Amino acid sequence: MSIEERYKKLKKKFPNIYISIAHGKQSSEERNLSIHNFKNGKSKILLATTVVEVGVDITDADIIIIECSNRYGLAQLHQLRGRVGRGEKQGTCILLFKDGLSKNAIKRIKILKNSDDGFFIAEEDMKLRGYGDLVGYQQSGLKNFRFADPVIHDDLFKLAEKYIFNIRDEINQKKYSFLLKLFDKAEIINVNKL
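The following refers to the structure shown.

Using the criterion set out here, one finds zero aromatic pairs in the structure. When the ring centre of Y18 is taken as reference, the NZ or CZ atom of K42 above it lies at 5.7 Å.

Let us now look at the layout of surface pockets. Computed from the structure, the largest pocket encloses a volume of approximately 1500 Å³. Taken together, 42 residues make up the lining of the largest pocket; nearest its centre are L46, L47, A48, I65 and I66. Of all the secondary-structure elements, those providing two or more residues to the lining of the largest pocket are α1 (3–13), α2 (28–39), β2 (45–48) and β3 (63–66). Here the residues of the lining of the largest pocket are counted per class, giving 23 nonpolar, eight polar and 11 charged.

On to unusual backbone geometry, then. In this structure, C68 is a non-glycine residue whose phi angle is positive, near 50°. Position of C68 relative to the elements: it lies in the loop between β3 and α3 (74–81).

The tendency in soluble globular proteins is for nonpolar side chains to be buried side by side. Formed by 16 residues in total, the largest nonpolar core has its most connected members in I35 and I58. The biggest single contributor to this core is α3, with three residues. Not counting chain neighbours up to four residues away, the residues in contact with I58 comprise I35, F38, K39, R83 and R86. Ranked by size, the runner-up nonpolar core spans five residues in total, among them I3, L10, I19 and I21.

Bringing the pairing of strand β4 (residues 92–95) into the picture now. The pairing of β3 with β4 spans four bridges and is classified as parallel. Paired with I63 across the two strands is T92, which belongs to β4. For the crossover from β3 across α3 to β4, the handedness is right-handed.

Next up on the list: the packing of helix α4 (residues 103–114) against helix α5 (residues 118–129). At a closest axis distance of 10 Å, the pairing of α4 and α5 adopts a crossing angle of 170°. Our classification of the angle between α4 and α5 gives roughly antiparallel. From α4, N104, K107, R108, I111 and L112 reach across to α5, where they touch F120, I121, E124 and L128. Looking at the contact of α4 with α5 residue by residue, the class counts come to five nonpolar, one polar and three charged.

Reading the values: the criteria
Residues numbered from 1 in each chain as written. Predicted model: local features only at pLDDT ≥ 70, side-chain atom pairs only at ≥ 80, totals over all residues. Heavy atoms only, no water. Phe/Tyr/Trp six-rings, centres within 6.5 Å; stacked < 30°, edge-to-face > 60°. Lys NZ or Arg CZ within 6 Å of the ring centre and 35° of its normal. 1 Å grid on protein atoms, 1.4 Å probe; cavity = no way out; pocket = protein on both sides within 12 Å on 5 of 7 lines; lining within 4 Å. Points joined across faces, edges and corners; volume = space filled by probe spheres on them. Helix = DSSP H or I, 4+ residues; strand = E, 2+ residues; numbered from the N terminus. Nonpolar A, V, L, I, M, F, W, Y, C, P; charged D, E, K, R; others polar. Core = buried A, V, L, I, M, F, W, Y, C linked by side-chain atoms within 4.5 Å. Buried < 20%, exposed > 50% of the residue type's maximum accessible area, 1.4 Å probe, protein only. Contact = heavy atoms within 4.5 Å. Pairing = 2+ DSSP bridges. Right-handed = clockwise from strand over helix to strand, strands pointing away. Axes fitted to C-alpha atoms, helices over the stretch in contact; angles between N-to-C directions. Parallel < 35°, antiparallel > 145°, perpendicular 65-115°, else oblique.

As structure tokens, then:
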């Protein structure tokens with residue numbers, strides 16, 4: 001259902017309540033005015049797309065309803081959920097979804113239900129979706145690694161990181177080029193400045 005259709009349904013249900021709308025097709029001025037009207041209490045409902053995922057801080061917002069929640073990744077759901085309960089009131093996040101969820105969608109919703117730890121949620125999301133290219137453009141999917149898998153062998157990556165920062169001589173980039181692909185080149189080269 002489009003945001004315009006949802007707006008019409010809400011107006012029929014709540015004819016005397018001012019409803020703000022925020023979506024990506026609006027100009028930034030229109031969107032900011034809608035969010036401002038909600039923040040200042042002029043409107044009681046903010047109907048929005050995921051444009052409110054980051055940067056919207058409305059301390060009095062205490063309920064968020066996310067339609068078709070099975071379509072979103074864990075990180076995005078966690079960000080959206082974080083838009084409410086930022087003040088003194090407890091926040092409530094209601095996830096709506098249709099029957100017939102995939103196994104991964106069920107896992108995502110259970111993870112979100114059982115944790116509010118962003119790092120844990122990000123790790124679980126990576127396990128479900130895959131990590132894509134570590135030095136490329138693909139943002140999801142599983143890869144076959146020759147040396148180590150970042151999920152299965154995370155302890156090896158932590159150990160490697162520890163040893164990288166212990167290197168004190170000048171770094172021969174050819175000798176350590178495989179490490180430069182795994183870790184930030186600038187951090188490795190500047191290790192002597194620590």
